[in-house]
Amino acid sequence: MKIAIVYASKTGNTQELVELLYKLFRSQYINVEVYQAKDFPIPALQGYEGVIIGTYTWGKGEVPAELLPIYRAFENQDVQQMTTGVVGTGDSFYPHFCGAVDEFRDMLYIHSTLAVTLKIELTPQDSDLGRCHRFVELFLKRLERKTCT
Ligand SMILES: Cc1cc2nc3c(=O)[nH]c(=O)nc-3n(C[C@H](O)[C@H](O)[C@H](O)COP(=O)(O)O)c2cc1C
């Protein structure tokens, strides 16, 4: 099973969240490749059974520029069968909390098999651990359902 987490992080919050999710996958003996968005090989996208996007939100609830190439690739490639998830960190001080998560969610819902989303206030806290576990659980459940059909 080929799974990747592709993320962008300016100040480290989203990276911290991605590292936590990576550990949770590894604790279930699931191998996951982790890429900063700038390093992800876009032409290889269709080779993955599962992809998780990790994003911060900038501007007025916008998708970060680093993630636009993969956003467009999801729109333009045939990834309907791919299981996807999106996680993000944001600041609820802003009117559109984790707006980039919502942007990805709406697009991935149309173009892929979106399993689950997760929004975290700034950095993951101990109190977020349960939701992170649930994210991994739901993502894997959907992925297994897909690979069985
Ligand atoms: C200029 C600026 C604009 C931001 N806009 C938003 C926003 O619209 N919605 C939101 O939820 N967070 C917003 N944030 C907060 C960041 O998304 C948040 O701090 C995030 O955790 C940063 O992630 P990173 O550490 O991975 O870069 C903004 C932050 C800055 C500096």
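Think of each chain on its own: its residues are numbered from 1, step by step along the sequence as written. Since the coordinates come from a predicted model, pLDDT governs what is reported: local features require at least 70, and pairs of side-chain atoms require 80 or more to be given and counted, while whole-chain, interface and lining totals use all residues. Only heavy atoms go into the side-chain values, all of them from the structure, while hydrogens and water stay out.

Criterion used throughout: strands pair if DSSP finds at least two bridges between them. A helix here means a DSSP run of H or I that spans at least four residues, while a strand means a run of E at least two residues long, and both kinds are numbered starting from the N terminus. Across the sheet, five strands lie side by side as β2-β1-β3-β4-β5; this open sheet has parallel pairing. Of all strands in the sheet, those with a lone pairing partner are β2 (33-36) and β5 (113-121), marking the two edges. Averaged over all pairs of adjacent strands, the angle between strand axes in this sheet comes to 15°, irrespective of strand direction. When strand β1 (residues 3-7) meets β2, the two strands line up parallel, connected through four bridges. Across the sheet, the residue bridging to Ala4 is Glu33, located in β2. For this analysis, residues touch if any pair of their heavy atoms sits within 4.5 Å. The convention used is that axes are lines fitted to C-alpha atoms, helices contributing only their stretch in contact, and that angles between N-to-C directions extend from 0 to 180 degrees. The sheet contacts of helix α1 (residues 13-26) involve β1, β2, β3 (50-55), β4 (83-90) and β5, and relative to β4 the element is tilted by about 140°.

Attention now moves to the side chain of Asp128. As for its placement among the helices and strands, Asp128 is situated in the loop between β5 and α4 (129-148). Every residue in contact with Asp128, bar those within four places of it in the chain, is listed here: Ile120 and Thr123.

In this section: the environment of Gln77. Mapping Gln77 onto the fold places it in the loop between α2 (68-76) and β4. For the pair Gln77 and Gly47, spaced 30 residues apart in the sequence, the C-alpha separation amounts to 11 Å. In this structure Gln77 touches Ile42, Leu45 and Gln46, once residues within four positions along its chain are discounted.

Generally, phi is negative for residues other than glycine and the peptide bonds are trans, each holding for most cases. For Cys98, which is not a glycine, the phi torsion comes out positive at approximately 50°. Relative to the assigned elements, Cys98 resides in the loop between β4 and α3 (99-111). Only protein chains enter the accessibility calculation, which uses a 1.4 Å probe. A residue is then buried if its area is under 20% of the maximum for its type, exposed if over 50%, and partly exposed in between. Judged by relative accessible area, which is 1%, Cys98 ranks as buried. Its identity as a non-glycine residue notwithstanding, Leu122 has a phi of 55°, on the positive side. Counting through the fold element by element, Leu122 comes out in the loop between β5 and α4. Since its relative accessible area comes to 38%, Leu122 is described here as partly exposed.

Here the focus is the nonpolar core. Core analysis: the largest hydrophobic core is formed by 27 residues, its most contacted members being Leu45, Ile53, Ile70, Phe74 and Phe104. With five residues, the top contributor of residues to this core is α3. The residues contacting Ile70, other than those within four sequence positions of it, are Val6, Phe40, Ile42, Leu45, Ile53 and Phe104. Here, the term nonpolar core denotes a set of buried Ala, Val, Leu, Ile, Met, Phe, Trp, Tyr and Cys residues that are joined through side-chain atoms within 4.5 Å. Among the nonpolar cores identified, the runner-up in size contains 22 residues, and Tyr7, Val18, Phe25 and Val32 belong to it.

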